[in-house]
Amino acid sequence: MRRYGTILSLFCFTASCLQSQVNDQVVPSASEFGGPIFPSRNLASILFERNVNTFNWVGRAFIDTSFGKTWLRAREQFTTNSIRIDGTGGSSQGLRSDQQLFSLRAGHLLTTDFSPTAQWYSLVTTDNRSGGVGQVSIHSGLGGFEYTGVPFVTFQPQAGYRWERQLGTRDQGFSYEINGFLRPLELDGYRLRATGQLHRDNISPRLLESNNAGFGIQKNFLTFSRDSLDVGFIRNRREYYVVADSNIESRGETMISAMNLLEYEFSSTVIATVVAGISDRVLDKDTRLISGQSQPLTEDYKFGTSIEEFTLDVLLQAAYTSSGGSTALLGRLAYSERNEDHAAKLPADAPSTVTLLHRQRDELEKTKNNVARRTSLSGLLSTSLSRSDRISVAGGAAILRYDTPSLSNTEDRDELLVNASVTTFHSINPHFQLGITLDGSISHLVYLFGDRSGSNNHNRVLRLSPTAIWKPTKNFRTTNTFEVLSNYTVYDFETQFSAVRSFAFRQFAWRDSTVFDISSRVGLDFLVHLRLYERGQLDWTEFTERLENSFADQTYYGQIRFSPTPGILFGVGARYFSQTRYAHSLGEKVLDSFFRSVGPTCTLLFEIGKRSLVRLSGWYEYRTNPDGSTKELPNMTFHLQYLF
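Reading the values: rules and limits
Residues numbered from 1 in each chain as written. Predicted model: local features only at pLDDT ≥ 70, side-chain atom pairs only at ≥ 80, totals over all residues. Heavy atoms only, no water. Helix = DSSP H or I, 4+ residues; strand = E, 2+ residues; numbered from the N terminus. Buried < 20%, exposed > 50% of the residue type's maximum accessible area, 1.4 Å probe, protein only. Areas by Shrake-Rupley, 256 points an atom, 1.4 Å probe, with all protein chains shown as cover. Salt bridge = Lys/Arg side-chain N within 4 Å of Asp/Glu carboxyl O. Polar contact = N/O pair within 3.5 Å; in protein donor to acceptor, adjacent residues only side chain to side chain. Contact = heavy atoms within 4.5 Å. Pairing = 2+ DSSP bridges. Phe/Tyr/Trp six-rings, centres within 6.5 Å; stacked < 30°, edge-to-face > 60°. Expected span 1.5 Å × (residues − 1). Arc of directions from axis to C-beta. pLDDT = per-residue confidence, 0-100.

Q: Report on the overall build of the protein, specifying residues and quantitative values.
A: A tally of helices and strands in the protein yields two helices and 28 strands. Counting over 644 residues, the protein shows a buried share of 33%. Of the roughly 35900 Å² of accessible surface on the protein, 60% is carried by carbon and sulfur atoms.

Following this line, the structure appears as structure tokens:
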């Protein structure tokens, strides 16, 4: 690539959109563009991102509209991920995956109670990285009606056809769906709600099901007092082709759950909450031949499995807020328990040879049985010491007990976690604010069996992070954040196990973020981030450390931006990043490797009216690798969004 021939593209590839009154001068990422930026039901957007050798395309469209008595809701999303891998001799190969999702629902109001409806759903995925496993296509069309003639009840039956392709096999068959729900209903002060769905796809030789039902009742008492009960039922079934032997694997899920929530207002400042919930969930997995027949009862029979999971959750909480809102106090006690049982399923009329194999497989499955119990206590206090000073204190403790009934399963363990933090905020004057955060945590992991006790350890983390914000004028603002962090992991029996070693990790970081508006149209943005960190073996008894490696990361970013009119922004700058790695041997610090990336940046932001925008951002890198080689890499993000 010719260096001077890319000057124009340097200002089209961009790196960071640092606007004057927003954000903390952070280079924007593609995740910013995941959703609508303005409230609207209709949206069309395109996102393209290139980062080194990874390319991403995302196209979205959402339409929710009506004309006359006809309504239409459509959704389209297309994503492409491509990774270019450079080979020897200048050759390259690409890894690519695509996914296209489209759904459409439409209806027409014939009478006040009756509306014909139709829907279409398509999902197509391609992937050259999975050897055909990722090649899937699903198309489904349903038609029916919506009836609201029964008081407070909506009834939606539909029927249609489904086409599906998986592992090169095409299946198709009849589908139907029945939906019903209870519209908002108040009865003697009680609010009732209910929903239900029955969905079945008979794409022979496979069968897919999605069935669920839910019921809820709520009673409101005082302003913030209520009692509610929710009960739910789920039954799903999914079937897949198995790559190895082309059999069909069937997975079923059945779950019943109930939850009660009680909130009681003792006064205008004190509210107590009690939540209790239980659920029973069963997961079944079976294998059968494509012909639909059962497996032959031979010694190589593949047994189905069943997992039953019972959970219990209880939460007690009390909250206090002073009348003026200057003080808030929260306390919470929570308990959860999960009981998991595994079993192998014995087919009917199984011969003795298979019965013996089943006993062996069932014993193997039962070794996975476990019971996990977690109890936690936490609290928060936030109060104003004065009009310019505020302090917050938070802390908690939790213990997890994980038990396995089988003697051959040695995963039994106890885990203890205690954490606390103190945060203060001080407004020294109208132009200078100071915040300090001190937090720490202690955790202890204990395996109860000797063969796993080598992993028993204590972990201690302590962090101090002061932040200073200085804004002498309305056109200038700088934020400085410092951080000192220490992390110590100490193994309980490292003298008995040579494979484990206690270690320490320490870090110092400084971040300076500055915005200077020269005028209403021109501004400067700066970012400096320095990070020094090291890791080494630790002797906790003597509290001595033998360093193994250390790092020094430096990031510098600067940009000048120009906004000729509201809604238009241009930015040009430069970005520098380097990482220096040192090795430590016999007390000496030796340079191990050095990596550097430097290049120009540019930003373009154009708002089309008040509802849509075009954003182009990226940077051009000149990389110096640890082996001394250099490489030029363009990176960019382009986003076009239109709301209507």
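Q: Could you give an account of the pattern of salt bridges, with specific residues and numbers?
A: Enumeration according to the criterion identifies 36 salt bridges in this entry. A salt bridge links Arg 281 to Glu 253, with the nearest nitrogen and oxygen atoms 2.9 Å apart. Placement of the pair is Arg 281 in strand 13 (residues 270–288) and Glu 253 in strand 12 (residues 248–265), with a sequence separation of 28 residues. Linking Asp 592 and Arg 581 is a salt bridge whose minimum nitrogen-to-oxygen distance equals 3.5 Å. Of the two residues, Asp 592 is situated in strand 26 (residues 588–608) and Arg 581 in strand 25 (residues 568–585); the sequence distance between them amounts to 11 residues.

Q: For the side chain of Ser 175, give the residues involved together with the corresponding values.
A: In this structure, Ser 175 sits in strand 8 (residues 169–187). According to the relative accessible area criterion, Ser 175 is buried, its value standing at 0%. A polar side-chain atom of Ser 175 sits 2.5 Å from a polar atom in the side chain of Asp 201. Setting aside residues no more than four positions away along its own chain, Ser 175 makes contact with Leu 142, Ala 159, Gly 160, Tyr 161, Arg 162, Arg 200 and Asp 201.

Q: Give me the lowdown on the pairing of strand 25, citing residues and values where you can.
A: Taken together, the 14 bridges between strand 24 (residues 544–562) and strand 25 define a ladder with antiparallel strand orientation. When the sheet's bridge partners are listed, Ala 552 is paired in strand 25 with Thr 580. From the end of strand 24 to the start of strand 25, which pair antiparallel, there are five residues, and Gly 567 there has a positive phi angle of about 95 degrees. Looking at chain direction, strand 25 and strand 26 are connected through 18 bridges and run antiparallel. Looking at strand 26, one finds that Phe 570 is bridged to Leu 604. Hairpin connection from strand 25 to strand 26: two residues lie between these consecutive antiparallel strands, with Leu 586 at a positive phi of about 55 degrees.

Q: Give a detailed account of the packing of aromatic side chains, specifying residues and quantitative values.
A: Taken as a whole and judged by the stated rule, the model has 18 aromatic pairs. Ring geometry for Tyr 488 versus Phe 543: centroids 5.5 Å apart, planes at 55 degrees, classification tilted. With Tyr 488 in strand 21 (residues 476–491) and Phe 543 in the loop between strand 23 (522–539) and strand 24, this residue pair connects regions lying 55 residues apart in the sequence. A relative accessible area of 12% places Tyr 488 in the buried class. When its relative accessible area of 45% is taken as the criterion, Phe 543 is described as partly exposed.

Q: Go over the pairing of strand 6 (residues 136–147), please, and point to the residues and values.
A: In terms of strand pairing, strand 5 (residues 114–127) meets strand 6 through 12 bridges, oriented antiparallel. Bridging from a neighbouring strand, Thr 125 pairs with Val 136 of strand 6.

Q: Could you give an account of unusual backbone geometry, with specific residues and numbers?
A: Between Ser 204 and Pro 205 the backbone carries a cis peptide bond, its omega angle lying at 10 degrees. For Pro 205, the position within the fold is in the loop between strand 9 (190–203) and strand 10 (206–220). In this model, Phe 543 sits at a positive phi of 50 degrees, which is unusual for a non-glycine residue.

Q: Could you give an account of the environment of Phe 644, naming the residues involved and the relevant values?
A: Note that Phe 644 resides in the segment after strand 28 (630–643). Taking the C-alpha atoms as reference points, Phe 644 and Phe 62, separated by 582 residues in sequence, lie 9.9 Å from one another.

Q: Give a detailed account of helix 2 (residues 352–366), specifying residues and quantitative values.
A: When the terminal C-alpha atoms of helix 2 are compared, their 21 Å separation across 15 residues agrees well with the 21 Å that a helix rising 1.5 Å per residue should span. Listed as buried for helix 2 are Val 354, His 358, Asp 362 and Glu 365. The arc that holds every buried residue of helix 2, seen down its axis, measures 75 degrees, which confines them to one face. Counted as exposed and oriented over 90 degrees from the buried face of helix 2: Ser 352, Arg 359, Glu 363 and Leu 364.

Q: Give a detailed account of the confidence of the model for the protein, specifying residues and quantitative values.
A: Confidence along the protein averages 88 in pLDDT terms, with 89% of residues attaining 70 or more. Confidence drops under pLDDT 50 across residues 1–39; counting only partners more than four residues distant or on other chains, this segment forms 98 contacts.

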